[in-house]
Amino acid sequence: MSVEVERKFLCSEDTLKILEKIGVCIGQREFQDQYFDSPGFELTLRDFWLRKRKGCWELKCPISTGEPSEEQSLAAKLCTQYKEITNLPEIQQRVKKVIKGTCGDRDTETASLQEDELWLRQLNLVCFAEFTTVRRSFTLEEGVQIDLDQADFGYHVGEIEVLIPEGGDVHSAQEKIRNAAQKLGLNGDERVEGKMNVYLKRYHPEHYAKLLSAHVL
Ligand code: V4E
């Protein structure tokens, strides 16, 4: 299991020029994401993000760095860190724990359902967001990846990403990200919105407002 530490940024023409000069392009790919939650949004309101990407299930779970936000460095404030679980039985176990088995549609005829549909139905999970991303990826230095994402609903965003093992050094990952940002000439000190923030603001404004109130976004 790994922890993804990342900082989002808006990629200007100047940043792109620097990236193409100092980074190594490792390819471009396209993928569709489908995000799932209960009708009452119990997962995302607790900052858990369940998605299916290219046929594989992924659950992003919040982790605490242990510092109250006033004491966080700027590098830390600009970064997010989530544990990524990709093992389906483990995902199902985690999801069940978070939503505490909220009543699913267990009485419906389930014999004809595919495996995926079955567990989603049993846990009463529905798809609330679906979009396609074209991603161009670069490496900058050992362990630092830069992704430039173009989502099909008209938003593009970059991210600087460092993967560490669970229990690994989040602070040094944040420092690596800060150095990479400096190299790319990123001086902003504001958090940049991710694709999902923009998607929810546009297509689920009420839920977006709840996530803001819950300090998830
Ligand atoms: C909204 C959200 C999550 C869902 C996935 O978001 P994101 O990192 O934007 O997706 P993507 O496609 O870049 O995933 P990757 O391929 O890197 O795994 S996970 C956490 N959040 C909350 C969140 C937040 N509070 N603040 C920011 C800046 N981003 C995300």
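Residues numbered from 1 in each chain as written. Predicted model: local features only at pLDDT ≥ 70, side-chain atom pairs only at ≥ 80, totals over all residues. Heavy atoms only, no water.

K.L.:
What am I meant to see in the overall build of the protein chain here?
P.N.:
Tallying secondary structure elements over the protein chain gives 7 helices and 8 strands in all. Taking 217 residues into account, the globule formula puts the C-alpha radius of gyration at 17 Å, and the protein chain, at 18 Å, falls close to it. Projected onto the principal axes, the alpha-carbon positions of the protein chain cover approximately 60 × 35 × 35 Å. Put simply, the protein chain has 217 residues, and 44% of those count as buried. Across the protein chain, every contact between residues at least 6 apart in sequence was considered, and the portion connecting residues at least 24 apart equals 68%. Here the protein chain has roughly 11,700 Å² of accessible surface; of this, 48% comes from carbon and sulfur atoms. Taking the average location of the 29 positive side-chain charges in the protein chain and that of its 37 negative ones, the two points are 1 Å from each other. (Helix = DSSP H or I, 4+ residues; strand = E, 2+ residues; numbered from the N terminus. Rg over C-alpha atoms; globule rule 2.2 N^0.38 Å. Buried < 20%, exposed > 50% of the residue type's maximum accessible area, 1.4 Å probe, protein only. Contact = heavy atoms within 4.5 Å. Areas by Shrake-Rupley, 256 points an atom, 1.4 Å probe, with all protein chains shown as cover. Lys, Arg positive; Asp, Glu negative; His and termini not counted. Charge placed at Lys NZ, Arg CZ, Asp CG, Glu CD.)

K.L.:
For this particular structure, what's the right way to read the site of the ligand?
P.N.:
R51, R53, K60, E159 and K195 are the nearest of the 20 residues found near the ligand. Residue W49 places a side-chain N or O atom 3.5 Å away from a nitrogen atom belonging to the ligand. A distance of 2.8 Å is found between an oxygen atom of the ligand and a side-chain nitrogen or oxygen belonging to K60. Calculation on the ligand without its partners gives an accessible area of 640 Å², and the protein chains cover 95% of this total. Of all the secondary-structure elements, those providing two or more residues to the shell around the ligand are strand 1 (2–9), strand 3 (49–53), strand 5 (79–85), strand 8 (155–165) and helix 6 (195–203). (Near = heavy atom within 4 Å. Polar contact = N/O pair within 3.5 Å; in protein donor to acceptor, adjacent residues only side chain to side chain.)

K.L.:
Help me understand the environment of Y208 in this model?
P.N.:
Residue placement: Y208 occurs in helix 7 (residues 205–213). Once the C-alpha coordinates of Y208 and R94 are considered, the two residues, 114 residues apart in sequence, prove to be 23 Å apart. Residue contacts for Y208: discarding those within four places in its chain leaves E193, N197, L200, K201 and L217.

K.L.:
Would you mind going over the packing of aromatic side chains with me for this structure?
P.N.:
How two aromatic rings sit relative to each other is given by the distance of their centres and the angle of their planes. According to the stated counting rule, one finds 10 aromatic pairs in the structure shown. Ring centres of F41 and F128 lie 5.6 Å apart, and the angle between their planes is 85°; this geometry places the pair in the edge-to-face category. Taken together, the residues span a long stretch of sequence, with F41 in the loop between strand 2 (24–37) and strand 3 and F128 in strand 6 (residues 126–141) at a distance of 87 residues. The class of F41 is buried, set by a relative accessible area of 16%. Seen in terms of ring centroids, F131 and F153 are 5.2 Å apart; in terms of plane orientation they differ by 75°. Their pairing is edge-to-face. (Phe/Tyr/Trp six-rings, centres within 6.5 Å; stacked < 30°, edge-to-face > 60°.)

K.L.:
How should I be thinking about the sheet that holds strand 1 in this particular structure?
P.N.:
Sheet strands associate in pairs through backbone hydrogen bonding, adopting either a parallel or an antiparallel arrangement. With antiparallel pairing, 8 strands are arranged side by side around a closed barrel as 1-5-4-3-2-6-7-8. Within this sheet the neighbouring strands show an average axis-to-axis angle of 35°, counted without direction. Contacts from helix 1 (residues 13–22) reach strand 1, strand 2, strand 6 and strand 7 (144–151), with the element oriented near 55° to strand 6. Along the sheet, helix 4 (residues 115–122) makes contact with strand 2, strand 3 and strand 4 (56–62), crossing strand 4 at roughly 35°. (Pairing = 2+ DSSP bridges. Axes fitted to C-alpha atoms, helices over the stretch in contact; angles between N-to-C directions.)

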